[in-house]
Structure formats: structure tokens, C-alpha cells
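Coordinate analysis (summary)
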Amino acid sequence: RERALALAEERLRLATEGAQAGTWYWDLASGTQEWSDLCRHLLALPPDGKPGFEHFRAVLHPDDRERVDRLIKAAVEQGASYKAEYRVVLPDGATRWIGAFGKVVSNPDGSPQGMGGVLLDITARKEAESRLAERAREVESLNRQLDRRAVDAETANRAKEALLRNVSHELRTPLNQIVGCAELLLRDAR
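This report concerns the structure included in the present document. (Residues numbered from 1 in each chain as written. Predicted model: local features only at pLDDT ≥ 70, side-chain atom pairs only at ≥ 80, totals over all residues. Heavy atoms only, no water.)

With that out of the way, let us pick up the packing of aromatic side chains. Counted according to the given criterion, the structure contains five aromatic pairs. Relative to Tyr 86, the ring of Phe 56 lies with its centre 5.8 Å away and its plane at 80°, an arrangement referred to as edge-to-face. Remark: Tyr 86 occurs in strand β3 (residues 81-89) and Phe 56 occurs in helix α3 (residues 53-59); sequence separation between them is 30 residues. Neither Phe 56 nor Tyr 86 differs from the other in exposure class; each is buried. Three or more aromatic residues link up through ring pairs in this structure, and these residues are Trp 26, Trp 35, Phe 53, Phe 56 and Tyr 86. (Phe/Tyr/Trp six-rings, centres within 6.5 Å; stacked < 30°, edge-to-face > 60°. Helix = DSSP H or I, 4+ residues; strand = E, 2+ residues; numbered from the N terminus. Buried < 20%, exposed > 50% of the residue type's maximum accessible area, 1.4 Å probe, protein only.)

What follows is the structure in C-alpha cells.
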């Protein structure tokens, strides 16, 4: 059993290192939290000591705190999975996007005992999504400009056609009289 347990732990370690996933566990009864070294790095938590929930909340971007609190509360109350994407503010003021995935562990009576899971750095993905969203807004803006220009071109084309009809009419009326007079003169000249 010890060998099987050691093998399972080694495989888990390899998987989390390969995925660059930090692991965490939160004992809901005592409030203590355990953070892997990678989690501490991702969240910019102190490398020593036992940072708790307030340390975690302190590094969250202010705009994300309430939403993350609601997601955690809902997961604990429902004994459900936890999934969140949020920003953390690093000591230098930069932000990092984190993907958090976890699950509530329940006591035999069904009450929540703790939560555990992994954290991933999703900054590159969020930046790519942001660039794609910006490109989509640019394309939408260009499409609106093209639509306006198409409407303007159609309006100009209708105005040109109306002008040509009017000019044609204005020219035909006197020309018809001139042609008629010329035909009379030619007929009289014969």
C-alpha cells in the first residue's frame, strides 16, 4: 500500500508539474490553507508561513473579489465544483490571470469539510482573448464604416441618376424643337 501510495503521489506530482498547476487545500473547519510552491508563486503569497484566506483575498484584483467570494460561497453551500477565472495583483503592480478549479470535500454527514484544487496561470490565454476581442471590435467598426460608405455611394448614385434624367429632359425639350424646326427648314428647302 505504501508503495502504491508513493507511486500515486509521484504521478500526481509529475502531472501537476507538467501542467504547471499549483495545488491548494482549504480546511473549512480550521480555516487553514495549504498552498503548493507554485500556488504561492502564482498568487504572489509569501514563501514561508501559512497564508490564510485573507492573504488570498488581498492579492485578488479589487474588481474580482466579490465575484470570487460568491463563487466560493456557492461551491461550499452546494458542495459542488468550483471554477473561477480572476486576476491577482503582483507586488510590482502587474496583474496575472488565474484559472482556479476545485471541489468541495464533504464530511460523512454531508457537511462541507474543505475544498481542494489546482491553479493555472491563464494570462497568455486571456491576453490572446483580449487581442481577439479588440480585433473583432476593429472589424465591426470597419464593417459599420463600409456599410455607411455603401449607403452614401447608393445615395450618390441615385442623385446622379436623377441629375442625368433631369439634364436629359432639359436637353431633349429644346432639342426636339430645334430638330423639328430643322426638319421644317429642310422640307421647305426642297
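Here we take up the nonpolar core. Grouped together as the largest cluster of nonpolar side chains are 25 residues, with contacts concentrated most on Leu 43, Phe 56, Ile 72, Tyr 82, Tyr 86, Met 115 and Leu 119. Breaking this core down by element, the ones donating at least two residues are β1 (21-27), α2 (37-43), α3, α4 (65-78), β3, β4 (95-106) and β5 (112-121). Beyond its immediate chain neighbours, meaning those up to four positions away, Leu 119 contacts Gln 20, Ala 21, Gly 22, Trp 24, Trp 35, Cys 39, Leu 42, Leu 43, Tyr 86, Ile 98, Gly 99 and Ala 100. (Core = buried A, V, L, I, M, F, W, Y, C linked by side-chain atoms within 4.5 Å. Contact = heavy atoms within 4.5 Å.)

A separate point is the environment of Thr 16. In this structure, Thr 16 sits in helix α1 (residues 2-18). Taking relative accessible area as the criterion, Thr 16 reaches 15% and is therefore assigned buried. C-alpha of Thr 16 to C-alpha of Gln 177: the two residues are 161 residues apart in sequence and 95 Å apart in space.

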